[in-house]
Amino acid sequence: MKINIPKAWCLRMAQLEGDAEIGAGALAVDPVFEGETAHAEAPEETSLAFSRFVRLARRGRGLTVELLAERADVELAELLTIEEDSRYKPDLRTVYQLANYFGVQRANLLQIAGLTAPKDNHLVIESVRFAARSESVAALTAEERAALDAFVSVLSEQK
Amino acid sequence: MTVTVSPVFLFNVATGKEEPADLLDAITEKQLADWEAEWTPELFKAMQRLHRAGVERAQWPQSRHWDWRRKAAAFQGMLGTPGFSIMCGGVTQGMMLADTVTKRCRIGSQTGKNLVYVSFVENAPWNRKELFDPPRYRGIGSILMRAAIELSKEHDFKGRIGLHSLPQANGFYANTCGMTDLGPDANYQNLRYFEMTPEQAEAFLEKGGKA
């Protein structure tokens, strides 16, 4: 359906509209931010895998937490909390940014971060395996590297 | 699905100049992808910032049940319904969904007549002053309302439209659009219901200069 709207009309109405809010319909309602995003409870093992994944993926790239925060454009304090507290439920945007930066499927990372309900049992099993294999937090060993690489390939799987 | 693109213009607040944009007569996968990848993270970032600044937001009726997965699923289910979206700078700036079938006029003089019911209108987070000050673009709401009026005319509904406004947008629909406020709707989370008669539709079109 072609609609002919003159430029002058658009600009005059933009002026009249100003900075007015325009939201209508229940679907347009904003979420309430209470320090956490709305989320489903994730099994502890997948949350642990998320925390470990971020730490190892960062170290695998030889980055400090500060550098990763800068490059992935996420808040430094939140990144520290993610790595230190596996029970922490990260912000949705932070998980988006980390998925983009690490080049893994966003949906998979959202699931192991506990922001979507677990629906892929394979991913849960692999998360448990990864959490178990990646316990060390010292220098990245060949085993950790192998564990990380294997988990990255699982996270990168297209659905 | 065939998508028709109509050229429109938005006002870029930063440059103080107009910017060409596209009005699409559809909400497509691209708009949903933008909502998920561009809008939602920015919305959360802005709300996190407000939260940290101690800004209290109005507690809207069902907002505590907000669930982005449910919203995404709702969008997916509406891909086939009439809708409009505005693209500028390669990104979706605003979206609207319409229902041309199930709703009827409530306003006295028009009772029972067909209308276009606007079931959903939303601006990109960066175009909302309460979230991003200054916002990026102005004029999105007016263009979407005009699209709803044109859709109504196309269906021979003579410009009649109706919608449930969010509390913070009541002023826009009452004043800028000149719609009639029929008060809170107990059957729709107490959001105020607004309706536009054919005469009000003409007055709105003339507000921006003769179309």
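Residues numbered from 1 in each chain as written. Chains lettered and ligands numbered in written order. Predicted model: local features only at pLDDT ≥ 70, side-chain atom pairs only at ≥ 80, totals over all residues.

Q: Explain the overall build of chain B to me, please; I cannot follow it from the model alone.
A: Counting its regular elements, chain B contains 5 helices and 9 strands. Each helix (α) and strand (β) of chain B, taken in turn from the N terminus, gives the series β-β-α-α-β-β-β-β-α-β-α-β-β-α. The buried share of chain B, reckoned over its 211 residues, is 45%. The long-range share in chain B, meaning contacts at least 24 apart out of those at least 6 apart in sequence, stands at 59%. (Helix = DSSP H or I, 4+ residues; strand = E, 2+ residues; numbered from the N terminus. Buried ≥ 20, exposed ≤ 12 C-beta atoms within 10 Å, placed from the backbone. Contact = placed C-beta atoms within 7 Å.)

Q: Honestly, the overall build of chain A in this entry has me stumped. Any pointers?
A: Broken down by element type, chain A carries 8 helices and 0 strands. For chain A, the α and β elements follow one another from N to C terminus as α-α-α-α-α-α-α-α. The 159 residues of chain A split such that 44% are buried.

Q: Could you clarify how one ought to interpret the nonpolar core in this entry?
A: Inside soluble globular proteins, nonpolar side chains tend to come together where they are buried. By size, the foremost hydrophobic cluster in this structure holds 57 residues, and its most contacted members are B:Met96, B:Val116, B:Val118, B:Ile143, B:Leu144 and B:Ala148. Of the residues forming this core, the biggest block, 8 residues, is contributed by helix α3 (residues 140-154) of chain B. Beyond its immediate stretch of four places on either side in the chain, B:Ile143 contacts A:Ile5, A:Cys10, B:Val8, B:Leu23 and B:Ile86. A:Leu48, A:Ala49, A:Leu92 and A:Ile112 belong to the second largest nonpolar core, which has 38 residues in total. (Core = buried A, V, L, I, M, F, W, Y, C linked by C-beta atoms within 7 Å.)

Q: Hey, could you run me through the sheet that holds strand β4 (residues 91-99) of chain B in this one?
A: Backbone-to-backbone hydrogen bonds join strands into a sheet, with any given pair of strands oriented parallel or antiparallel. An order of β6-β1-β2-β3-β4-β5-β7-β9-β8 (chain B) is seen for the 9 strands of this open sheet, with the pairing classed as mixed. Whereas interior strands pair on both sides, the edge strands pair on one side only; in this sheet they are β6 (137-138) and β8 (180-184) of chain B. This element, helix α1 (residues 7-17) of chain A, spans β1 (5-12), β2 (17-24) and β6 of chain B of the sheet and lies at about 40° to β1(B). (Pairing = 2+ DSSP bridges. Axes fitted to C-alpha atoms, helices over the stretch in contact; angles between N-to-C directions.)

Q: Where do I start with the environment of A:Ser47 in this structure?
A: When you line up the elements, A:Ser47 lands in helix α2 (residues 44-60). The exposure class assigned to A:Ser47 is buried, which follows from the 23 C-beta atoms found within 10 Å.

Q: Explain the interface of chain A and chain B here, please?
A: Think of interface size as the accessible area that goes away when the parts come together; that is how it is often given. Counting residues at the interface gives 40 residues for chain A and 63 residues for chain B. Elements represented by at least two residues in the side of chain A that touches chain B include exactly α1 and α5 (92-102) of chain A. Among the elements that line the side of chain A that touches chain B, the one with the most residues is α1(A), at 10 residues. Class assignment for the residues of the side of chain A that touches chain B results in 24 nonpolar, 7 polar and 9 charged. (Nonpolar A, V, L, I, M, F, W, Y, C, P; charged D, E, K, R; others polar.)

Q: How do you make sense of α3(B) when you look at a structure like this?
A: Residues three or four positions apart in an α-helix share a direction because the helix packs 3.6 residues into each turn. Residue and element names in this part refer to chain B. In this model, α3 (15 residues) spans 21 Å end to end at C-alpha, consistent with the 21 Å of a helix rising 1.5 Å per residue. Among the 15 residues of α3, 13 are classified as buried, and the element is accordingly described as predominantly covered. One or two steps after α3, the chain reaches aspartate 156, where phi turns positive at roughly 65°. (Expected span 1.5 Å × (residues − 1).)

Q: I keep staring at unusual backbone geometry and nothing clicks. Help me out?
A: With glycine set apart, most residues show a phi of negative sign, and most peptide bonds adopt trans. The residue after B:Asp133, namely B:Pro134, is reached through a cis peptide bond having omega 0°. Its location among the elements puts B:Pro134 in the loop between β5 (116-123) and β6.

Q: How should I be thinking about the environment of A:Leu110 in this particular structure?
A: All names here are of chain A. Residue position: leucine 110 is located in helix α6 (residues 106-112). For leucine 110, a count of 21 C-beta atoms within 10 Å gives the class buried. In this structure the C-alpha to C-alpha distance between leucine 110 and proline 90, which are 20 residues apart in sequence, comes to 9.4 Å. Filtering out sequence-adjacent residues up to four positions away, leucine 110 remains in contact with Val95, Leu115 and Thr116.

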